[in-house]
Amino acid sequence: MKQNNDYMEKMLARKTPSTGGGFSAEGMKRAEALMALYPVKRSALIPMCHLAQGEHGWLTEECIEEIAALVGVSPAEVSGTASFYDMLHLEPVGQYVISVCTNIACMLAGAYELLEAVEERLGIASGQTDKDMRFTLEEAECLGACDTAPCLQVNSRFFGPMNSESFDKLITDLASGALAGVVPPHGVLSRVERVFSLTTKGATDAAQMDTTDAGQK
Amino acid sequence: MRGKNNMLNEPIVTKRMGFEDSYTLERYLATGGYEGLRKALSMTREQVKEEVNKASLLGRGGAGFPAGRKWSMLRQAPTSYLVINGDESEPATFKDHLLVERDPHQLIEGTMIAAYALGVSQAFIFTRGEFALGIERLTAACNEAYEYNAVGKNIFGSDFSVDLVIHPGAGAYICGEETSLIESLEGNRGFPRIKPPFFPAVTGLYGEPTVVNNVETMSNLPWIVLNGGDAFAALGQGSSAGTRLFALSGRVNRPGWYELEMSKTTFRDLIYDKDLGGGIIGDKKIKAFIPGGVSAPWFFEEHLDMGLDQDAVAKAGSMLGSGSVVVMDETTCVVRASWRITRFFHRESCGQCTPCREGSGWLEKIMRRIEEGSGRPEDLDLLMDVCDSIAPGVTWPPQQTTICVLGPSIPSSIASAIRHLRDEFLEHIKLGHCPYEKDHILTGAAR
Amino acid sequence: MTDTVHTQNQAEEEERDNTVNIVIDGVAIKANEGELLIEAAERNGIFIPRFCYHPHMEPVGMCRMCLVEVSGPRGFALQPACYLKVQENMEVMASSDKAKRAQEGVLELLLINHPLDCPVCDKGGECPLQDQTMSYGPGESRFIEEKRHFDKPIELGPLTYLDRERCIQCARCTRFAAEVAGEPQIDFAGRGDMTMVATSPTRPFDSYFSGNTVQICPVGALTAKAYRFKSRPWDLEQAETTCTLCSVGCREVAQSSAGELVRYLGVDNLTLNQSWLCDKGRYSFEAVKNGRVLTPLARHEGVLEEVRWADALADITAGIRAGLAKGGGDQIAVLGGAKFTNEDNYMWARLAKGVFGSELVDAQLGDGFNAELALALPRAGIEETVNARTVVLIAGDLKEELPVLYLRLYQNLAKGKTKLIEISPTHTSLSDLAKIKLSPRPGELFSITEDIFDVTKNSVGSLKDESVISSIRQFLDVREETSADDGEGIVFVVGNANLAEAPIYLEESLKLIAAKLPKAKFLPALRRGNIFGALDMGLGPNLLPGRINKDRGDFFRRTWGTLPASPGIGTPEILAKCAAGEVSVLVLLGADPLSDFVDQALVQKAFENTPFIISLASHMDPSATSADVVLPVPYMGETAGTVTNLEGRVSVLGQKVTPPALARQPWLIAADIARLLEEDFGLYTLEEVSQEIADTVSLYRGVSLASLKRFGGDGVFVPVKAAKVKIASSTKSIFDPIAVPGIASVEEQGAPIKTGSAKPIALQDGNTKDSSAEALAKGDARLISLADVTSATRHAGGLDVIAEPKSDKYSLRLILQRDLYDAGSTLVNCPTLASLGGVQEILLAPSAASGFGLQNGSPVNVTGRGQMIEAQVKIDKSLSPGLAVLKVNKSKANDIFSADVSDGIASGRAELLVDASALVTDIRLETKHDKKKELG
Ligand SMILES: Cc1cc2nc3c(=O)[nH]c(=O)nc-3n(C[C@H](O)[C@H](O)[C@H](O)COP(=O)(O)O)c2cc1C
Ligand code: SF4
Ligand code: FES
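Analysis parameters
- Residues numbered from 1 in each chain as written.
- Chains lettered and ligands numbered in written order.
- Predicted model: local features only at pLDDT ≥ 70, side-chain atom pairs only at ≥ 80, totals over all residues.
- Heavy atoms only, no water.
- Helix = DSSP H or I, 4+ residues; strand = E, 2+ residues; numbered from the N terminus.
- Buried < 20%, exposed > 50% of the residue type's maximum accessible area, 1.4 Å probe, protein only.
- Contact = heavy atoms within 4.5 Å.
- Areas by Shrake-Rupley, 256 points an atom, 1.4 Å probe, with all protein chains shown as cover.
- Phe/Tyr/Trp six-rings, centres within 6.5 Å; stacked < 30°, edge-to-face > 60°.
- Lys NZ or Arg CZ within 6 Å of the ring centre and 35° of its normal.
- Domains from an automatic or database assignment.
- Expected span 1.5 Å × (residues − 1).
- Bend = angle between axes of the 7 residues up to and from the residue.
- Buried area = accessible area lost by both parts, 1.4 Å probe.
- Salt bridge = Lys/Arg side-chain N within 4 Å of Asp/Glu carboxyl O.
- Polar contact = N/O pair within 3.5 Å; in protein donor to acceptor, adjacent residues only side chain to side chain.
- Nonpolar A, V, L, I, M, F, W, Y, C, P; charged D, E, K, R; others polar.
- Near = heavy atom within 4 Å.
- Axes fitted to C-alpha atoms, helices over the stretch in contact; angles between N-to-C directions.
- Parallel < 35°, antiparallel > 145°, perpendicular 65-115°, else oblique.
- Left-handed = near helix turned anticlockwise from the far one by under 90°.
- Pairing = 2+ DSSP bridges.

**Examining the overall build of chain A**
When helices and strands are tallied, chain A shows nine helices and four strands. Counting from the amino terminus, helix and strand elements in chain A follow one another as α-α-α-α-α-β-α-α-β-β-β-α-α. Expressed as a percentage of its 217 residues, the buried residues of chain A come to 62%. The long-range share in chain A, meaning contacts at least 24 apart out of those at least 6 apart in sequence, stands at 66%. About 8000 Å² of surface is accessible on chain A, with carbon and sulfur atoms providing 53% of the total.

Here it is as structure tokens:
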């Protein structure tokens, strides 16, 4: 998987969550491309929220307004819809969102003990963000990795089974940048972008697409 | 992810799991990839459907509805859609996660086969948002598949074209429910749709007929097309045909995924066989196990020798559901276990129906109070009564006062625990803490 | 259910026999196909409890309160009666143990997190949750856990508070916002039991219709700033009445506590406002207490002083006598009437025309169009309009002018029940739903209308918007050969969309349309409260009571003794006469031209040059302040009588509170003045006036206060098709206790609705004297018809002058419009609304704005006619470059009295820029420095 466009580099290089702002010019183009994927543009609402989080780390007010205007709904519908979903944050979150699963399988493997250790190590309770905006801690429902219980996610990337020692190491690695290739900034869901659209189906079109920025093999 | 499939002569959905690069097109093609789709395209739509019918492929998403039957219900209309349900969030379930992350091409191939059989030109794979790596690999695979012409215009030179969109979810269990998933895919909050209409196959995405199928269901299709429905049906037994991916977790030595022939393997095999679950940690005794995700009523020691068979499990009052088995040993606190499951439903209730929205919260609060030592004996009746407000009679299969079946899933764990382990509950209440506290290796406080 | 529309529907239904047989609790019932089970049950006297169901919104089946057992393929199962449609042979158990158990369960669960603050909750005593708990609920709570907590009430918007703890997530408010109002400014946020109603973080809930969400909230979660903690239902008294702030005339109840008006609630009727009100109407009750004229005032040595009624009336009679002596009726002008009742207006018409002999009489203040034409056009009702095959809007923004008509139309357009063609100069609230949208420039409407109907123009290629016009032709089915069927099913909603443009373009277009589409109907969007009552009673140029042209006035000449000799003229010409010093006495019937007429320079001059100005006013508005005699009259809520809305629906005002001690009803003032002029009308009570109308005005034959009161409810349409009116129980729907909780509970607690008794009557019940029948027979009371409409009073030179005038390249052509929250006396006198007025904004096309180097929010000076006003720029992508849009009466609310014309710079009053006699108005922009920046 190679992703060599400037836009993605910029997203991946983001060190801190932003304090606000709308889509970048490039982000706006991607938002429009997302809408073009669906028969009804409102379907792109949630992907666009992810896109906004990829740019800012959270769903900013400006992006809410822009998404609303793009899909033709009210800002209240965008924020109301987004707030239904656990992954979408309407307030700034830390650079790393750590989600510790405590659901049944992880609990039976010591998830609450892990959570306590994590809280102690980070100095914040679950639901909180540290004051440097480095970490946000969440107690998560089953993350779907119960064979590695107790497990946790950092920015939606899996780690498990974990204990307090391996968590300490995880924090050290995050700080040193050793995990930069594994854990992108919060909000970046996929480092690979779709390069096809409804109008560029099939092999011939793909060949043409290849010469553009996001071409990949 | 840990798992095994060597109980089988030939694994169906997990055959590439041994390869580090199982998710690449290169590996996929090297291991027979897209041959099923090529073959399907050489058949008529009816022929493909017929093979799926013969295979008796039960939906792997939880409800276990035969895929062939569902397909035949698709209302004829100028536009219809295929939506693949990869929202897998049922606690202790991690099979779709595996299939999306480790064999995305197989999923895409299956999806294309289904799209062809159904005559659908627009398909979506709704993937749980938390599976970021899976989404990444699936997106890459989708790009590759377009380039390889396995997706897109005139697939493999045929006159069949289809567009595929990988749609990321954003974190809500309820979006696994198919009508909620459709709402979410339309850009709305994930409120399940009220019935009637009863099936998306009549009115689904954008009001058009829509087939919603699970990731694992799709992943079986390339094999079925290549080997024939009969070959699939020859595995397993009766309606529980083929193999299934079981997700084993909890207090076992070897948690992980296991692709097993249905019916022929028993729960005891799964949990205790040295090549599978490997028995219970510390050789403790089993107290209870969940046979198919936390929505399912619990099973106990007496059920261990039952086959992994949809009908048998249903007859015994539970369900094979999402194929995830959670084992609780003799030291597990049933109050705490059922509290944690209740808490999950409370957090994940979408909020539409009063009984589910409020009932889940009330149950959670009572359970927590008992767990924390302030329980009253009469709470057990109260718990059952609140359960009754959500699922009248607390029966199986459940009746419901709610729109979707998340509601009546809430009582499953509570009713199982109270009905079968009432004494332990009472003991917990009397002591003000778990009677097995000293046996816990783990002591963390509930919250 | 009150009128012919409904009875016709019923008849049709019976004909088609689309009923299905169902069984509820063992009783066989006939239900209408496609009907919701809950509705079928209710019509048959079985009340199924409910919360989220609302009769005027799509069901969601969320609260689960209405669960009943319904037979299905797998036996009986619990199903929501509010969502399930009836089907042949459906078997229902609505009160089985299982259904009861389910309902009790839901109720118990709704209560566990509901705070027990009924004693301090506005809804306490009229709360469906409270009520149903009494009827269906468990005795005591088994819930001993801690309840869910939210921060105390939050302000959702300027008029509405939300107490999230009380919310039961029924989605009524959010559905209303999205589905009925078309403004989803509020939506659910969060999930599960943390689901709450919320705005976006960026914008408040500032809909014009926010009050409706408060009214339909089944608990006290949404409360109104204007009503919070004001009263308790058991202290309330109520009367059903009609809102007279605009000509839609929504039915509502006025509720008072200890003699003080505290609340208006919309009445749930089927064909009018369906329980909805706009916020301006709903909260206007506050104006009853503020800024009132309390006693008669007369100007002595330049100062208005309190005087006794007798003295004021003596002054007036003397002034009128002097005027009459100087030059007869032409010396006396009478403006206004739209705020008054039909009885008031009838008496003033009789006084002005029959006693003064004046034709300088007009109830419209120059913002509508030719009154004779408006009355002559074949009229459509609201129900007919919103269900029409095609609606053509040739008017301004209905949301700003006739808010509840907008609601009704929006809902049906959104549901696809009707289609819209919009021919309106600006982007309106309905534009996005229009199948075709055409934006004529000022002065262009008539040529566009000609294009539409001149089918031969096709080939010439002279059409401006050829494709648009040809699709309009398709929609309207315009063909070369017209037939009598043409226009069937089409309703034109017509009004003046640009107050800076002469109405002749509209008037000539309407005549053309009516001629080309003889079956089309029209809903004239004249905006003022009881304007149709005023015109129907004769307060318009060339009009006599009953939509009769003066030329056919023999009947009134006989009964009234005399009629004016001069031809009638409209307000602009009347004011021009005043300005020229040709008028001695100007009577203002609740009219306030100083803040309510587009050409301010003209009004100023008219006031300066008219020696004697009399104002009948409820509030001390600018015109009253400048008058010589001011007479206190009652305000909305204090008035009894009847009014007529834009459909021609006559309804009864329920007087709920007493007016200030010295206020007098305008009709009484007219009777007094007549008597002092030795012309006793012999009418001494309101009932007598009303009866005279019923007797002598053929259009209102039999429609009197007495018959209407017995008839009750939503009023009757004039002309009454007496034979067809078969009246069912007219006000039944307002008693759905959950659709309109406030009204039903007050009713239950002993204050029944005053005008709403539901006894069916025949209107022709022998009360009618023969006089109007006689007049009809003689043929001199024939309703005005299009043939009677005298050609437009201005620019009578003919159609050639109404080609679009040229504009120079430095100017912008002005579109002057109304918005709901202008600085009129309602906003000024209602504390909770006052802040909503906002400042003058000038809408410019993006290119025009950038040409001047202006951005959103830039301050500019706007000049025209030697005047200069201030405005703030707002860029509007839908506008074309040569145009600018301003709003009427848009100074800051507290700025309104200080509009200083003399030095040329004054607030934001666009009316300073308009010449009422011009065809169109051009303005120029001057950029200016931001004062704040300069200071800083
Ligand atoms: C609360 C709830 C959650 C569900 N979650 C999932 C899920 O995560 N994945 C899934 O495939 N099906 C899930 N289902 C089942 C789906 O509604 C649907 O039956 C299934 O996707 C159909 O696919 P299948 O026929 O291939 O099994 C869920 C159902 C409910 C009621
Ligand atoms: S049962 Fe629960 S999750 Fe399902 S629709 Fe109702 S509230 Fe939502
Ligand atoms: S579910 Fe029927 S009234 Fe709410």
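**Concerning the packing of aromatic side chains**
Throughout the structure, instances matching the rule amount to 31 aromatic pairs over all chains. Seen in terms of ring centroids, F84 of chain A and Y85 of chain A are 5.1 Å apart; in terms of plane orientation they differ by 70 degrees. Their pairing is edge-to-face. Owing to a relative accessible area of 2%, Y85 of chain A belongs among the buried residues under this scheme. Ring geometry for Y112 of chain A and W339 of chain B: centres 6.2 Å apart, planes at 35 degrees, overall tilted. Placement of Y112 of chain A in helix α7 (residues 111-122) and of W339 of chain B in helix α14 (residues 334-348) is noted, with the two residues assigned to different chains. The pair Y112 of chain A / W339 of chain B is uniform in exposure class, with both members buried. Here a set of aromatic residues connected by ring pairs shows up, and it is made of Y38 of chain A together with Y81, F124 and Y206 of chain B. Sitting over the face of the ring of F246 of chain B, R244 of chain B holds its NZ or CZ atom 5.9 Å from the ring centroid.

**Examining the domain arrangement of chain A**
What the domain assignment lists for chain A is domain 1 (18-90) and domain 2 (96-176). Put simply, the middle of domain 1 of chain A and the middle of domain 2 of chain A, counted by C-alpha atoms, are 27 Å apart.

**So, helix α17 (residues 406-431) of chain B**
Residue and element names in this part refer to chain B. With 26 residues, α17 extends just 33 Å between its outermost C-alpha atoms, more than 12% less than the 38 Å of an ideal straight helix rising 1.5 Å per residue. Along α17, the largest kink reaches about 95 degrees and is centred on L421. Downstream of α17 by a residue or two, G432 has a phi angle that is positive, lying close to 80 degrees.

**As for the interface of chain A and chain B**
Listed as interface residues are 62 residues of chain A and, on the opposing side, 75 residues of chain B. Between chain A and chain B lies a buried interface of about 5700 Å² when both sides are counted; carbon and sulfur atoms form 57% of it. On the chain A side of the interface with chain B, the three residues burying the most area are F84, L108 and D147 of chain A, jointly 13% of the side's total. Here chain A and chain B share seven salt bridges between them. The partner of R347 of chain B in a salt bridge is E141 of chain A, with the nearest N and O atoms 3.5 Å apart.

**Describing the interface of chain C and chain A**
Contact residues are listed per partner, giving 14 residues for chain C and 14 residues for chain A. Taking both partners together, chain C and chain A bury about 1100 Å²; carbon and sulfur atoms supply 55% of that area. For the pair chain C and chain A, the interface holds two salt bridges. Its salt-bridge partner being R191 of chain C, residue D86 of chain A comes within 3.1 Å of it at the nearest N-O pair. Along the contact surface separating chain C from chain A lie six residue pairs in polar contact (both at pLDDT 80 or more). Considering every element that reaches the side of chain C that touches chain A, the biggest residue donor is strand β8 (residues 187-189) of chain C, with three residues. Of the residues in the side of chain C that touches chain A, the class split is six nonpolar, five polar and three charged.

**Details of the pattern of salt bridges**
Residues and elements named next belong to chain C. For the structure on display, the rule yields 89 salt bridges over all chains. With its nearest N and O atoms 2.9 Å apart, the salt bridge here joins D117 to R166. Taken together, the positions of D117 in the loop between α3 (97-112) and α4 (128-136) and R166 in the loop between β7 (160-162) and α5 (172-180) put the pair 49 residues apart, joining distant regions of the chain. Look at R166 and you get buried, because its relative accessible area is 7%. The network of salt bridges with common partners includes K280, D367, R527, R528, D596, R818 and D822.

**Things to note about the site of ligand 1**
All names here are of chain B. The local shell around ligand 1 holds 18 residues, among which G61, K70, N213, N214 and T217 are the closest. Between K70 and ligand 1, the recorded distance is 2.8 Å, taken from a side-chain N or O atom to an oxygen atom. Protein contact buries 91% of the 610 Å² of open area that ligand 1 shows by itself. With three residues, the single largest contributor to the shell around ligand 1 is strand β5 (residues 210-214). By residue class, the composition of the shell around ligand 1 is four nonpolar, eight polar and six charged.

**Concerning the environment of L12 of chain A**
Residues and elements named next belong to chain A. Of note, L12 is situated in helix α1 (residues 6-13). Between the alpha carbons of L12 and G181 there is a distance of 9.3 Å; along the sequence they are 169 residues apart. Excluding residues within four positions of it along the chain, L12 makes contact with P184, P185, V188 and R191.

**So, the packing of helix α15 (residues 354-371) of chain B against α17 of chain B**
All names here are of chain B. Packing of α15 against α17 brings their axes to within 12 Å, and their N-to-C directions diverge by 20 degrees. What the angle tells us is that α15 and α17 run roughly parallel. Every pair of crossing elements has a handedness; the one defined by α15 and α17 is left-handed. From α15, C356, S360, L363, M367, I370 and E371 reach across to α17, where they touch L406, G407, I410, I414, F425, H428 and I429. Broken down by class, the residue content of the contact of α15 with α17 amounts to nine nonpolar, three polar and one charged.

**Description of the sheet that holds strand β2 (residues 81-86) of chain B**
Residues and elements named next belong to chain B. With respect to topology, four strands assemble into an open sheet ordered β4-β3-β2-β5, the strand pairing being parallel. Two strands in the sheet have a free side with no partner beyond their single neighbour: β4 (163-168) and β5. The sheet shows a mean angle of 20 degrees between the axes of neighbouring strands, taken without regard to direction. Two elements, β2 and strand β3 (residues 122-127), share five bridges in a ladder whose sense is parallel. Bridging across to β3, N85 finds its partner in F126.

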